[in-house]
Each structure stands twice: as C-alpha cells, then as structure tokens.
4 protein chains.
Amino acid sequence: MTRRYFPPAEGGPPPLRVEVSRQVRFEEVDPLAIVWHGRYPSFFEDARVALCDRHGIGYLTCHENGFVTPIRKMHVDYFRPLRFHERFTIEAILHWTEAARIDMEFILRNEAREVTTTGYTVQMMLTTSASSTDDTILLIPPPYYRAFLDRWKSGALA
Amino acid sequence: MTRRYFPPAEGGPPPLRVEVSRQVRFEEVDPLAIVWHGRYPSFFEDARVALCDRHGIGYLTCHENGFVTPIRKMHVDYFRPLRFHERFTIEAILHWTEAARIDMEFILRNEAREVTTTGYTVQMMLTTSASSTDDTILLIPPPYYRAFLDRWKSGALA
Amino acid sequence: MTRRYFPPAEGGPPPLRVEVSRQVRFEEVDPLAIVWHGRYPSFFEDARVALCDRHGIGYLTCHENGFVTPIRKMHVDYFRPLRFHERFTIEAILHWTEAARIDMEFILRNEAREVTTTGYTVQMMLTTSASSTDDTILLIPPPYYRAFLDRWKSGALA
Amino acid sequence: MTRRYFPPAEGGPPPLRVEVSRQVRFEEVDPLAIVWHGRYPSFFEDARVALCDRHGIGYLTCHENGFVTPIRKMHVDYFRPLRFHERFTIEAILHWTEAARIDMEFILRNEAREVTTTGYTVQMMLTTSASSTDDTILLIPPPYYRAFLDRWKSGALA
C-alpha cells in the first residue's frame, strides 16, 4: 500500500529509520469521529524530531551550528482513519541524498500494524543570521551536516 | 511559480474559484517567527469551506444528503514564509471531474500578492451510515452532488 | 507555590492522582520561544484522560453508559515557562465530591521538579440522547459513576 | 449570566471594549459535535489582539518598546456550546489598573446574542533582553504603556 516517494539513492547507504508511538487525543478527532486530516503534520513531526535527535541533527543543534531546515514540501496519503484513543506508530525514514536537503518519508500504522497513512516532507537548508531577511539558501550541506552524512555513509549509524 | 496539480479536464467547464482572507495568529507562528508548516491544512480548509458553502456542497449539507467527503490526499509546496500579523489570501480552485472525488487546488498570496504557498487536496466520497464501519466508498457521485455537477457544467455557476 | 483550588472534602477519601510525562513540541512554542499559553488545556487533558482511563471513567466508557462530562470551568495559573524540547510532567488530582461533577486539579513540573503551571477544571454530567438538544444536566451522578465513587470511598482504589 | 471577574476600578476610566466575530471551524469541533473546550484561548486571543492593535499596545509594538506581556492567569466559564459553522462574537473588555498588568475580560455570544462563554486573562509585564533568562518582571508599567494609560484616563480613547 505504501508508495515509493523517493527514488533509491544509487551508491548511498540504506535509509535511517526511527519509530515512535502515540495515542489519538480527544482534541484531534473531528465530528466524523476520526482524526482530522490536518493533525498529521504533527504526527510526522514527532517521528522527525525523534530521528533527528538520535543522530544529532535536531532543530536546536542545527540552529547552534548556523543553519535551519524549514519544510519546503509536504505530502500525505490517507488510507485508513484513526479513531479516538487508538494507539498507532509513526515511522520516519530518512533517505540518502548529498544535496542540501532532507528527504523524509513517514509510515503510520495502527495496532493491527495496518498502514493507515503515508507521506513525506522535503526540507531545505538555510543559513541563519541575526536578521531573518538575510537568510541564504544553501546549495550544499553545511560542514556540521556534512559530517553527519559522512558518519551515515561510513556505516557508523547502522 | 504555481504548479499544475491537476490535468485540464477536457470538455469540462472552467474551475470554480473562491478567495478568502485571513491574518496570521500569534499561536500559528513558530520559534523561527514564521507560520509553522503544519498550520496550512487549516488555511486550505477555510477556503474549501467557503467555496463549498457558496455552492451548497458543504459538510453539513452533504451529510444531510447521505454522504461525506474525507480527505484522501494532501500536498503543500512552501515558497515564502508568512509572519505574525501578516494578512494573506487563500484561493480555492475546484477542478472539474465527473468521478466521485473532489479535486481542489489552493494558492496563498501575501499582501504584495506574491504566491507564498500552493497545494491541493483530493477528497473521496463515502455513504454515511449509522455505523461508521459500514461506510461505503462511492464510485460515482451521489445524486445530490451530480446535480451540482450539472449546474456547474451548464454554466449556471459561472 | 500551588494554590488550593478545591476545599478539602470532609469525610471523603483522599484524592486520586495520576502523573504523565510529555515533551514540548516545536509547534507548541511561540515566537517568545516558550509554550503558548493556549496549549495547556491539551496538557491538562493528557493527565485527565490517563486518570479517567485508569479508573474506568474515560470518555468512551461514560458515553457507553449514557452520560458525558463536558468542561464547565477551566482555570490556569502560569508560574514558569516551558521551552522547546523540555520534558515535563502533568499530575492530575481528582478531588472527592458526591455531586454530579468532576473536580480535577493539575500540577505541571519541569525536569528540576519545579512547579511551572497549576490549574483546575470542573466538569458537569449530562445524559446523552440521540439528539444532543435533549441532553439533560444531571444533579446526582448516574449509577455507573456512583459505583466508581463507592469503590473510591471504600479504599479499593488507593 | 456573566460574572464580575475584576472589581470596579475606583477613580479609573470606563473599560475599553472591542468585539470581533468568528465562525466555528470543522477542526475546532470535537466528537460531541461542539467546540472542544481547549480552543477558547484562541478565541480570546483574537479579541485581545484586535483590542490591543486598536490602541497601539499589540505584541509587536510592545516588543519594539522593550517589553512583553505574557499570560499569568486564564479562566474560562462555559455556559452553552458552540457548534460547527456557527457564527459568534468575542468581546474583549480591558479593565483599568495602574499596575504593571493587563486585566482583560471576554464575553462570547452566539447569533441569538446569548452569552455562551465568559472568561478573563491577566498578563504581566516583562522587560525583554537579548537573553530571555534575563527578563525582569516590571512592577510599574514601562513608559510606553504608561503613555497609553494616560491617553485612556484622559478620555481620548472613549
């Protein structure tokens, strides 16, 4: 049921994966008794944060190293609803690229391990400056992120 | 800057368009001082509701007529940020299809009328029943929606 | 630093307590880099749901037993901010009353166990009916909730 | 039905009032088909922002003048539910005080002009600094806000 959102990266290392779990909150459910479609970016973010934290590329660390990674593109495919109180998992899958971007895929599964939702986000990289109007889009990853890519490629993160 | 999300519908009437305006709320802005990417589904929904209300195909009316139209797919492309207090417009563009689906495109513009964000949603149609587990996916639009399509095609909504 | 929101219930059993933990999400933080004040009802709800689930008086169970418990009153006192990524706990404290109401106090603590926020909610009890316009406010707890009160008073829940 | 949240300010000018209108969004409605109680801080904020903007004491202006006004206390009393698509108004009422605080009351009314919800917030004043850990609580209003108080007391804002 899942789609291939990113082409396989030839010569690159296998993707990095992290799975987190969450339970549907009352406030996330709409009058149809299912999770409102606009809540899923928050679900994706939980898994994104967990994966980035594990590998030292979280928001705060990147910011301290002079760059931020805003979302450039987001896509969600909804297959099955989630209901109040239901437990589900969110898997984030970071795909390899040498470009100054972060390609991440997401797979949500219910307690029966059925895929309920999939999607992806693409993040770009910007240098940070005192004035946000002077932020510059990076074409190649900054040294801090490049070092992470090198560790990944070397197999140290597997 | 905008993309063509839906192919032109040959032989179909031109799209229906509605534009609403909104102002960025404090709570919608993240620590980077821009609107958090996950708020945009709410922005899309404002324009969707306005367009559907204008043409009598809003959630409540559809529900009274025995069907609902959950989101099956959502996509957002982020080009420029929106900041606290900024006014912006959201245009919803309903594209023609005879299938049991709703293809809607969205264009956000800032006060300078620059495109900040675009995206689309695809909705499917389900019959409603007392038990939500008995909902059935519709392959052709129900009579109520078919009548709307006929008015649209006849030019009565232009 | 905490206040006494509810007077001690003379002759009643001690309060029931449940503590849950949570981590501040990026989307919950405002341009001042602290959690936006309007997110705290969601934090309270996490602890409320955990406490109610533990004792069989959660939303779904009550609904199946013919009543709902909407919020009638909410209060929050903010002492210290919470910041992005910070871990914190939310303690829900259910105070004894024989009336058809739910008096719950909340205490949030940061990782240093400092109290950051306190508050309370009061819920009333309504019978549910096919038409929500026929809902009736209950003056005494329904039998299902009365049985819970009896278990609590007997010490079985301590 | 409304309560007196703040004692009358003897010798002070009458309160300042602004009313805004809003329509219930689909995403704000819970499985009980009424607005989830935790959305009301957002409703209060819309009226707060409108009142503060009108009088030049909005967030951005205060920030430029070296202080911020975080929420110290929030209270909500829920009398009647709001339902999907319903239009309602939010009145913000700023009560006089010479202290370094902002005492604001809120009254929500449905289309029948029935009071559905009331509440209040208390804001304190902090100086802003490069490091948020050096923020200092103000005991008397800063000059910029004091000038606003003087205009208010003189009757210029009536």
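Treat the numbers as computed from the prediction; the structure is a model and nothing was measured.

1. Quick notes on the overall build of chain A
Working step 1: Across its full length, chain A carries three helices and eight strands.
Working step 2: Walking chain A from its N terminus toward its C terminus, one meets helices and strands in the order β-α-α-β-β-β-β-β-β-β-α.
Working step 3: Taken over C-alpha atoms, the radius of gyration comes to 17 Å for chain A, in line with the 15 Å a tight globule of 158 residues would show.
Working step 4: Dimensions of chain A, computed from the C-alpha atoms along their principal axes, are close to 45 × 40 × 25 Å.
Working step 5: Evaluated residue by residue, chain A yields a buried proportion of 35% over its 158 residues.

2. A few points about the relation of the copies chain B and chain D
Working step 1: In screw terms, the move from chain B to chain D is a rotation of 180° and a rise of 0.0 Å along the axis, fitting with an RMSD of 0.0 Å. Look at the turn and shift together and you get a two-fold axis relating the two. Among all residues of chain B, the minimum C-alpha distance to the rotation axis is found for Arg-22 of chain B, at 5.6 Å.
Working step 2: Of the interface residues in chain B, 90% have counterparts in chain D that sit at the interface too, so the contact is made through matching surfaces.

3. What about the interface of chain B and chain A?
Working step 1: Between chain B and chain A, the contact holds 18 residues from the first and 18 residues from the second.
Working step 2: The set of elements that each furnish at least two residues to the side of chain B that touches chain A consists of helix 1 (40-54) and strand 3 (71-78) of chain B.
Working step 3: The element best represented in the side of chain B that touches chain A is strand 3 of chain B, accounting for eight residues.
Working step 4: Looking at side-chain class alone, the side of chain B that touches chain A contains nine nonpolar, five polar and four charged residues.

4. Notes on the interface of chain B and chain D
For interface size, the figure often reported is the accessible area lost on association.
Working step 1: With 10 residues of chain B in contact, the opposing surface of chain D contributes nine residues.
Working step 2: Of all the secondary-structure elements, those providing two or more residues to the side of chain B that touches chain D are helix 1 and helix 2 (59-64) of chain B.
Working step 3: Classifying every residue of the side of chain B that touches chain D by side-chain character gives five nonpolar, two polar and three charged.

5. Some words on the sheet that holds strand 7 (residues 126-127) of chain A
All names here are of chain A.
Working step 1: Read from one edge of the open sheet, three strands run 2-7-8, paired in antiparallel fashion. Sheet topology places strand 2 (67-68) and strand 8 (136-137) at the edges, where each strand pairs with a single neighbour.
Working step 2: Sheet topology note: the strand 2/strand 7 ladder contains two bridges and is antiparallel. Paired with Val-68 across the bridge in strand 7 is Leu-126.

6. Comments concerning the sheet that holds strand 6 (residues 115-124) of chain A
Working step 1: Ordered in space as 1(A)-4(A)-5(A)-6(A)-3(A)-3(B)-6(B)-5(B)-4(B)-1(B), the 10 strands form an open sheet in which the pairing is antiparallel. Strands at the two margins of the open sheet, each flanked by one partner only, are strand 1 (16-23) of chain A together with strand 1 (16-23) of chain B. Taking each pair of neighbouring strands and ignoring which way they run, the sheet shows an average axis angle of 15°.

7. A few points about the relation of the copies chain B and chain A
Working step 1: Superposing chain B onto chain A requires a rotation of 180° together with a translation of 0.0 Å along the rotation axis, leaving an RMSD of 0.0 Å.
Working step 2: The fraction of interface residues of chain B whose copies in chain A are also interface residues reaches 100%, indicating that both copies meet through the same surface.

8. So, the pairing of strand 6 (residues 115-124) of chain C
All names here are of chain C.
Working step 1: Burial within strand 6 is extensive, with seven of its 10 residues counted as buried.
Working step 2: Sheet analysis places strand 3 (residues 71-78) next to strand 6, joined by seven bridges and oriented antiparallel. Paired with His-75 across the bridge in strand 6 is Tyr-120.
Working step 3: As paired strands, strand 5 (residues 101-110) and strand 6 are joined by nine bridges and run antiparallel to one another. Counterpart to Arg-101 in the pairing with strand 6 is Met-124.

9. Observations concerning the confidence of the model for chain A
Working step 1: The share of residues in chain A with pLDDT of 70 or more is 95%, and the mean pLDDT across the chain is 93.
Working step 2: Interface confidence in the predicted complex, given as ipTM, is 0.94; pTM for the same model is 0.93.

10. So, unusual backbone geometry
Residue and element names in this part refer to chain B.
Working step 1: With a phi angle near 70°, Ala-33 is a residue other than glycine that sits in the positive phi range.
Working step 2: With respect to the secondary-structure elements, Ala-33 resides in the loop between strand 1 and helix 1.
Working step 3: Non-glycine residue His-85 carries a positive phi angle of around 85°.
Working step 4: Position of His-85 relative to the elements: it lies in the loop between strand 3 and strand 4 (87-95).
Working step 5: Residue classification places His-85 among the partly exposed positions, given that 15 C-beta atoms sit within 10 Å.

11. Quick look at the pairing of strand 4 of chain B
Residue and element names in this part refer to chain B.
Working step 1: As defined by bridge partners, strand 1 adjoins strand 4 across eight bridges and the pair is classed as antiparallel. Paired with Leu-16 across the two strands is Leu-94, which belongs to strand 4.
Working step 2: As judged from the eight bridges shared by strand 4 and strand 5 (residues 101-110), these two strands associate in the antiparallel manner. Opposite Ile-93, over in strand 5, you have Glu-105 as the bridge partner.
Working step 3: Linking strand 4 back to strand 5 in an antiparallel pair, the connection comprises five residues.

12. Focus: the environment of Arg-87 of chain D
Residues and elements named next belong to chain D.
Working step 1: Inspection of the secondary structure assignment puts Arg-87 in strand 4 (residues 87-95).
Working step 2: What makes Arg-87 exposed here is the crowd of 11 C-beta atoms within 10 Å.
Working step 3: Separated by 22 residues in sequence, Arg-87 and Arg-109 place their C-alpha atoms 8.9 Å apart.
Working step 4: Sequence-distant contacts of Arg-87, that is, excluding residues within four places in its chain, are made with Ser-21, Gln-23 and Glu-111.

13. Some thoughts on helix 1 (residues 40-54) of chain C
Working step 1: Over its 15 residues, helix 1 of chain C extends 22 Å from the first C-alpha to the last, a length consistent with the 21 Å expected when each residue adds 1.5 Å.
Working step 2: Every buried residue of helix 1 of chain C is accounted for by Tyr-40, Pro-41, Phe-43, Phe-44, Glu-45, Ala-47, Arg-48, Val-49, Leu-51 and Cys-52 of chain C.
Working step 3: Against the buried residues of helix 1 of chain C lie strand 1 (16-23), strand 3, strand 4 (87-95), strand 5 and strand 6 of chain C together with helix 1 (40-54) of chain D.
Working step 4: Gly-56 of chain C sits one or two residues past helix 1 of chain C and shows a positive phi near 70°.

14. Looking at the environment of His-63 of chain D
All names here are of chain D.
Working step 1: With respect to the helices and strands, His-63 occurs in helix 2 (residues 59-64).
Working step 2: A residue is classified by how many C-beta atoms lie within 10 Å of it, and His-63, with 14 of them, is partly exposed.
Working step 3: Counting along the chain gives 64 residues from His-63 to Thr-127, while the straight-line C-alpha distance between them is 8.8 Å.
Working step 4: Look past the residues within four positions of His-63 in its chain and what remains in contact with it is Val-68 and Thr-128.

15. Here we look at the environment of Trp-152 of chain C
Residue and element names in this part refer to chain C.
Working step 1: Relative to the helices and strands, Trp-152 resides in helix 3 (residues 143-153).
Working step 2: Classification of Trp-152 as partly exposed rests on a count of 19 C-beta atoms within 10 Å.
Working step 3: When the C-alpha atoms of Trp-152 and Met-74 are compared, they prove to be 24 Å apart, with 78 residues separating the residues in sequence.
Working step 4: Discounting chain neighbours no more than four positions away, the residues touching Trp-152 are Pro-13, Leu-16 and Leu-157.

Cut-offs used in this document
Residues numbered from 1 in each chain as written. Chains lettered and ligands numbered in written order. Predicted model: local features only at pLDDT ≥ 70, side-chain atom pairs only at ≥ 80, totals over all residues. Helix = DSSP H or I, 4+ residues; strand = E, 2+ residues; numbered from the N terminus. Rg over C-alpha atoms; globule rule 2.2 N^0.38 Å. Buried ≥ 20, exposed ≤ 12 C-beta atoms within 10 Å, placed from the backbone. Least-squares fit on C-alpha atoms with pLDDT ≥ 70 in both. Contact = placed C-beta atoms within 7 Å. Nonpolar A, V, L, I, M, F, W, Y, C, P; charged D, E, K, R; others polar. Pairing = 2+ DSSP bridges. Axes fitted to C-alpha atoms, helices over the stretch in contact; angles between N-to-C directions. pLDDT = per-residue confidence, 0-100. Expected span 1.5 Å × (residues − 1).

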